[in-house]
Amino acid sequence: MDGCFLPAYRPRVSSWKRAGAAIALLLALANLPLLVGRDAPNWDASSHFAPAWMLVADHARAGRLLLWNPFIEGGSPDGAQPELGAFSPLTLAVGALLGGTETAFHVYVVLLWLLAGAGMLLLARNLWAPPWAGFVVACGYVFSGTFTGHFQHTSWLHAFAFVPWVVWRLDAALRQRACLPAAQAGALLGLSGLAGYPAIVMQTGVLALLWTVGRVLFADTDAGDVAVGTAGRAKAGLAAITTLAVVAAIVVSPAWVSFLLESKGYTSRSGPL
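Definitions and cut-offs
- Residues numbered from 1 in each chain as written.
- Predicted model: local features only at pLDDT ≥ 70, side-chain atom pairs only at ≥ 80, totals over all residues.
- Heavy atoms only, no water.
- Helix = DSSP H or I, 4+ residues; strand = E, 2+ residues; numbered from the N terminus.
- Buried < 20%, exposed > 50% of the residue type's maximum accessible area, 1.4 Å probe, protein only.
- Axes fitted to C-alpha atoms, helices over the stretch in contact; angles between N-to-C directions.
- Parallel < 35°, antiparallel > 145°, perpendicular 65-115°, else oblique.
- Contact = heavy atoms within 4.5 Å.
- Nonpolar A, V, L, I, M, F, W, Y, C, P; charged D, E, K, R; others polar.
- Expected span 1.5 Å × (residues − 1).
- Polar contact = N/O pair within 3.5 Å; in protein donor to acceptor, adjacent residues only side chain to side chain.
- Core = buried A, V, L, I, M, F, W, Y, C linked by side-chain atoms within 4.5 Å.
- Salt bridge = Lys/Arg side-chain N within 4 Å of Asp/Glu carboxyl O.
- Phe/Tyr/Trp six-rings, centres within 6.5 Å; stacked < 30°, edge-to-face > 60°.
- Lys NZ or Arg CZ within 6 Å of the ring centre and 35° of its normal.
- Left-handed = near helix turned anticlockwise from the far one by under 90°.

Q: Explain unusual backbone geometry here, please?
A: Residues apart from glycine generally show negative phi values, whereas peptide bonds are mostly found in trans. Its identity as a non-glycine residue notwithstanding, W128 has a phi of 65 degrees, on the positive side. For W128, the location among the structural elements is in the loop between α5 (102-126) and α6 (131-142). By relative accessible area, which is 27% here, W128 ends up partly exposed. For R177, which is not glycine, the phi dihedral falls at a positive 55 degrees. Tracing the chain through its elements places R177 in the loop between α9 (163-176) and α10 (179-193). Judged by its relative accessible area of 34%, R177 is partly exposed.

This is the structure in C-alpha cells:
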C-alpha cells in the first residue's frame with residue numbers, strides 16, 4: 001500500500017481490543033436480567049419474533065431450512081418472510097448452536113447489539129479515530145433509541161447491526177480503489193437483508209450511495225485522492241457501488257425473491273414491506 005495511506009500515528013490494536021471488550025461488558029451488564037431469564041421480551045418480540053426464531057432454530061438443528069410453517073393459519077410460507085431469517089447464516093448458526101429456546105433468542109438479540117458495536121469500532125478505526133472516540137461513538141450507537149427502543153423489532157436490530165460493517169468495507173473500497181472490499185460490503189448488505197426489515201436494508205443501500213458520492217466529491221488528502229482527481233474517484237466510486245449492488249442482490253435473493261413470489265395473496269403487508 002502506498003505510504004500516503006498511513007498517518008503519522010495509529011493506536012495499537014490492543015487499544016481497540018480493549019474498547020471492544022468494554023462494549024461487550026457493558027452490553028452484558030445492561031442485559032443481564034434478560035440473559036439470566038429474569039426479564040422477557042415485550043410485544044412483537046414475544047408474540048412474533050421469538051416463536052418464529054425458535055422454529056427457525058429447531059429446523060437448523062435438524063439440518064433443515066424453514067420453508068413452510070404448518071402450525072398457523074392452515075399453513076404459512078414463513079420461509080418467504082425475510083424478517084424471520086430462514087435463510088440467514090447468522091440466524092441459522094446461532095440457532096443450530098444454542099437451540100430453539102427463549103434464552104437462546106435473548107442471546108441472539110444481544111449478539112446483534114454486539115455486532116453493531118464491533119462494526120462501529122471497525123469503522124471508527126478505518127477513519128483514523130482514536131480508540132476512546134471509537135468507544136464513545138459505538139456506545140452511542142448500541143445504546144441509542146434505535147436499539148433500546150426497538151428491542152421488540154428483532155428484524156430492525158438485525159438490519160441496523162450491519163450498517164457500520166457495510167460502510168466500513170465500502171469506505172475501504174473507495175479509499176483503496178479495490179473491488180474486493182466492495183464485494184465484501186455487498187455481501188454484508190445482502191446478509192443484513194436475509195433477516196432484516198427490507199426498508200432499512202434499502203435505506204442502508206441509499207446510505208452507501210451517499211457515502212460514495214461524498215468520497216468522490218471530497219478528496220481525502222491522506223489517501224492520495226487529490227492526485228487521482230474527481231474523474232478517477234468517480235470511476236472508482238461507480239465500480240464500487242455497482243459491485244456492492246450486484247453482490248447484495250445475489251446474496252439477498254433467496255429471501256426477497258421468495259417473498260415477492262409467495263407472499264402475494266397471502267398477506268396485505270407484501271406491498272408495504
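Q: Honestly, the packing of helix α3 (residues 43-61) against helix α4 (residues 89-98) in this entry has me stumped. Any pointers?
A: For any two helices packed against each other, the geometry comes down to the angle between their axes and how far apart the axes lie. Viewed as axis vectors pointing N to C, α3 and α4 meet at an angle of 75 degrees, and their least axial separation amounts to 8 Å. The angle between α3 and α4 places the two elements in the roughly perpendicular class. Facing W53, V56, A57, A60 and R61 of α3, the residues of α4 in contact are T91, L92, V94, G95, A96, L97 and L98. Taken together, the residues of the contact of α3 with α4 break down into 9 nonpolar, 2 polar and 1 charged.

Q: What am I meant to see in α5 here?
A: The α-helix advances 3.6 residues per turn, and as a result positions three or four apart in sequence lie on the same side. Here α5 spans 36 Å end to end across 25 residues, near enough to the 36 Å set by a 1.5 Å rise per residue. W128 lies just past α5 and shows a positive phi near 65 degrees.

Q: Which parts of the structure should I look at to understand the side chain of N126?
A: With respect to the helices and strands, the residue N126 is situated in helix α5. A polar atom in the side chain of N126 sits 2.6 Å from the side chain of D171. Once residues within four sequence positions are removed from consideration, N126 is found in contact with W168, D171, A172 and R175.

Q: I tried to follow the nonpolar core on my own but got confused; where do I start?
A: Here is a general trend for soluble globular proteins: nonpolar side chains tend to be buried in one another's company. Ranked by internal contacts, the top residues of the largest apolar core, which has 59 residues, are F105 and Y108. The residues touching F105, leaving out its near neighbours within four places in the chain, are P41, A45, F49, A50, W53 and T154. Counting 10 residues, the second-largest nonpolar core is a separate cluster that includes L66, L92, L194 and V252.

Q: Looking at this model, I keep getting lost on the pattern of salt bridges. Mind explaining?
A: Opposite charge on two side chains lets them pair, provided their charged atoms get close. Across all of its chains, the model carries 2 salt bridges by this definition. The partner of D171 in a salt bridge is R175, and the shortest N-O contact between them spans 4.0 Å. In this pair, D171 and R175 both sit in helix α9, 4 residues apart, roughly one turn of the helix. Like R175, D171 is buried. A cluster of three or more residues bridged by salt bridges with shared partners is formed by D171, R175 and R215.

Q: For this particular structure, what's the right way to read the packing of aromatic side chains?
A: For any two aromatic rings, the description comes down to two numbers: the centre-to-centre distance and the angle of the planes. In this structure the tally under the stated criterion is 6 aromatic pairs. The interplanar angle of 40 degrees and the centroid separation of 5.7 Å between the aromatic rings of W156 and Y197 together place this pair among those described as tilted. Separated by 41 residues along the polypeptide, W156 in helix α8 (residues 154-161) and Y197 in the loop between α10 and α11 (198-217) bring together distant segments of the chain. Put simply, the rings of W53, F105 and Y108 pair up and form one aromatic cluster. When the ring centre of W168 is taken as origin, the NZ or CZ atom of R169, which lies over that ring, is 4.5 Å away.

Q: Sorry if this is basic, but what is going on with the packing of α9 against α10 here?
A: In the contact formed by α9 and α10, the axes pass within 7 Å of each other and the chain directions differ by 165 degrees. With respect to each other, α9 and α10 are oriented roughly antiparallel. For the element pair α9 and α10, the recorded crossing hand is left-handed. Within the contact between the two elements, α9 uses W165, V166, R169, L170, A172, A173 and Q176 and α10 uses P181, A182, Q184, A185, L188 and L189. For the contact of α9 with α10, the residue count by class is 10 nonpolar, 2 polar and 1 charged.

Q: Please clarify how α8 should be interpreted in this entry.
A: Most of α8 is tucked away: 7 of the 8 residues are buried. Among the residues of α8, those classed as buried are T154, S155, L157, H158, A159, F160 and A161.

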